[in-house]
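What the coordinates show
This is what each chain is made of:
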Amino acid sequence: MNNLSHELDRILDVLQKAKSICIVGHVLPDGDCIGSELAMAMALKNLGKEVFCWNQDDVPEKLEFLDEENLMRKPRRGCSFDVVLALDCASFERMGTASSRITNRKCFINIDHHDSNTHYADLNWVVGESSSTGELVFQLIQRAGWEITPQIANCLFTAISTDTGSFQYRGTTPQTFAAAGKLLESGADVVSVCSEVYQSYPLARLKLLRQVLNRFKLTEDNKIAYYWLSPVDFARSGAEREDAEGLIDHIRAIDPVVVAIQFEEVSPNVIRVCMRSKNPLVDVGEVAGMFNGGGHKWASGAVIEGTRLSVQRRVVKAVRVILRNLKKRKKEKDQP
Ligand SMILES: [Mn+2]
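Residues numbered from 1 in each chain as written. Predicted model: local features only at pLDDT ≥ 70, side-chain atom pairs only at ≥ 80, totals over all residues. Heavy atoms only, no water.

We now examine the packing of aromatic side chains. Think of a pair of aromatic rings as described by two things: how far the centres are apart, and how the planes are tilted against each other in angle. Applying the stated criterion across every chain, the model contains eight aromatic pairs. For the pair W228 and F263, a centre-to-centre distance of 4.9 Å together with 20 degrees between the ring planes defines the contact as stacked. Here W228 is found in strand 7 (residues 224-229), whereas its partner F263 is found in strand 8 (residues 259-267), with 35 residues between them in sequence. Across the pair, exposure class does not vary: W228 and F263 are buried alike. Here the aromatic cluster, defined as three or more aromatic residues joined through ring pairs, consists of F92, F108 and Y120. Taking the ring centre of F52 as reference, the NZ or CZ of R73 above it sits at 4.2 Å. Geometry around W228 places R308 over its ring, the cationic atom sitting 4.2 Å from the centre. (Phe/Tyr/Trp six-rings, centres within 6.5 Å; stacked < 30°, edge-to-face > 60°. Helix = DSSP H or I, 4+ residues; strand = E, 2+ residues; numbered from the N terminus. Buried < 20%, exposed > 50% of the residue type's maximum accessible area, 1.4 Å probe, protein only. Lys NZ or Arg CZ within 6 Å of the ring centre and 35° of its normal.)

Its domain assignment divides the protein chain into domain 1 (5-198) and domain 2 (203-334). Computed from C-alpha atoms alone, the centre-to-centre distance between domain 1 and domain 2 is 27 Å. Every contact between the two is made by 11 residues of domain 1 and, on the other side, 15 residues of domain 2. Buried area between domain 1 and domain 2, summed over both chains or domains, comes out near 1100 Å², and the portion from carbon and sulfur atoms is 50%. Interface area lost by domain 1 to domain 2 is led by L28, Y169 and R170, which between them contribute 52%. Applying the counting rule to domain 1 against domain 2 returns zero salt bridges. Within the side of domain 1 that touches domain 2, the residues separate by chemical class into three nonpolar, three polar and five charged. (Domains from an automatic or database assignment. Contact = heavy atoms within 4.5 Å. Buried area = accessible area lost by both parts, 1.4 Å probe. Salt bridge = Lys/Arg side-chain N within 4 Å of Asp/Glu carboxyl O. Nonpolar A, V, L, I, M, F, W, Y, C, P; charged D, E, K, R; others polar.)

Around a metal, the idealised angle for a tetrahedral arrangement of four donor atoms is 109.5 degrees; for an octahedral arrangement of six donor atoms it is 90 or 180 degrees. Every protein donor of the manganese ion is listed here as D32 (OD), D88 (OD), H113 (NE2) and D163 (OD), and their distances to the metal cover 2.1 to 2.4 Å. The motif formed by the donor residues of the manganese ion, counted along the single chain, is D-x55-D-x24-H-x49-D. Residue D32 is located in helix 2 (residues 31-46), and its partner H113 is located in the loop between strand 4 (105-112) and strand 5 (123-126); the two are separated by 81 residues in the primary sequence. Taken as a pair, D32 and H113 share a single burial class, namely buried. (Donors = N, O, S within 2.8 Å, 3.2 Å for Na, K, Ca; no water.)

On to the pairing of strand 1 (residues 20-24). Here strand 1 lies mainly inside the structure; five of its five residues are buried. Traced from strand 1 through helix 2 to strand 2 (residues 50-54), the parallel crossover comes out right-handed. Relative to strand 3 (residues 81-87), strand 1 runs parallel, the two being bridged by four bridges. The residue bridging C22 from the neighbouring strand is V84, located in strand 3. (Right-handed = clockwise from strand over helix to strand, strands pointing away. Pairing = 2+ DSSP bridges.)

Turning next to the environment of S131. Considering the arrangement of structural elements, one finds S131 in the loop between strand 5 and helix 3 (133-144). Exposure remark for S131: the relative accessible area of 3% places this residue in the buried category. Sequence separation between S131 and L44 is 87 residues, and the spatial gap between their C-alpha atoms is 23 Å. With near-sequence residues (within four places) excluded, S131 lies in contact with H113, I160, D163, T164, G171, T172 and T176. In this structure the side chain of S131 is engaged in a polar contact, spanning 2.6 Å, whose partner is the side chain of E135. (Polar contact = N/O pair within 3.5 Å; in protein donor to acceptor, adjacent residues only side chain to side chain.)

Our next topic: the sheet that holds strand 1. Pairing within the open sheet is parallel, and its five strands lie in the order 2-1-3-4-5. Of all the strands in the sheet, just strand 2 and strand 5 have a single pairing partner and so form its edges. Each adjacent strand pair in this sheet contributes to an overall mean axis angle of 15 degrees, direction not counted. Of the strands in this sheet, strand 3, strand 4 and strand 5 touch helix 3, which is tilted by about 120 degrees from strand 4. (Axes fitted to C-alpha atoms, helices over the stretch in contact; angles between N-to-C directions.)

The subject of this paragraph is the side chain of T133. When you line up the elements, T133 lands in helix 3. Beyond its immediate stretch of four places on either side in the chain, T133 contacts D32, S36, L87, D88, I111, D112 and H113.

Glancing now at the packing of helix 3 against helix 4 (residues 150-163). The N-to-C vectors of helix 3 and helix 4 enclose an angle of 145 degrees; their axes lie 8 Å apart at closest approach. Taking contact as the criterion, the partners of G134, E135, V137, F138 and I141 in helix 3 are, on helix 4, I152, L156, A159 and I160. In the contact of helix 3 with helix 4, the residues fall into seven nonpolar, one polar and one charged.

Attention now moves to the pattern of salt bridges. Summed over all chains, the structure comprises 13 salt bridges. Across the pair D82 and K106 runs a salt bridge whose closest N-O atoms are separated by 2.9 Å. Placement of D82 in strand 3 and of K106 in strand 4 is noted, with a sequence separation of 24 residues between them. In this structure, the salt-bridge partner of R215 is D233, at a minimum N-O distance of 3.1 Å.

Following this line, the structure appears as structure tokens:
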């Protein structure tokens, strides 16, 4: 347990006393977000509490299997809650329009693992080095002594597995594996979760990936790889927005590539940038920060306004500067 456990105990105290709780996550929710929200919702419901669970965007189709009880339901306008609990949201803005339904609350809680978290709530439990929000929710439930049902275990396993890239990324610690082990003991069905999450991609996603593989560009001695997704690509492949999730991993996985960048034209002159780094010394969270985005050292994102070319130039340049500085420092060190 980390040194923020004091904050965790205060959060537990508030949650135990609350009767009505609304759980919110970020826009375009991923496996960590949905898994953490649903696990928390089920655990609180099992304690007899009234629980709402809501995001601006729908649950991605391949994660729908986690919500057997249809817990994702939009709170009425003007609904009031004892507690609003934000999970996996680095900033208040990340909640998107969900934030308009949660203004009437007694206590606002923020549980997250993004380094860039802005501590926007009344109580903030932010552990930047944690693998996933799912792992934090697991710690919370363990500390509280609440029951982990097989459904809760499936949700938390999905959360941890997806945010660690199946236990590959930095942030995957002995505690992460211990949590996963405990979740299996509690009834998580690894085979069916992984088959739903990793073995059930629609054909349209593959068509989108084919376009990415055909067109990605390499620069800076093949250390930077980037590609574009535009509305036309989605229309042509028949893919949904959520199908773009994880495409970048295929590009990052190329040997010489250190940083992979996905540029997505959301609307004219609004570009969503997604970055991944393989080198701990190349902090793409810092790059995202330069453009009002955020995230982790190894995975980050930002939404940038500007023409395609200018956004691409600015972002690639920022990454290039870090890589060149790194090279310079290495050279200086190598010189006797
Ligand atoms: Mn996460």
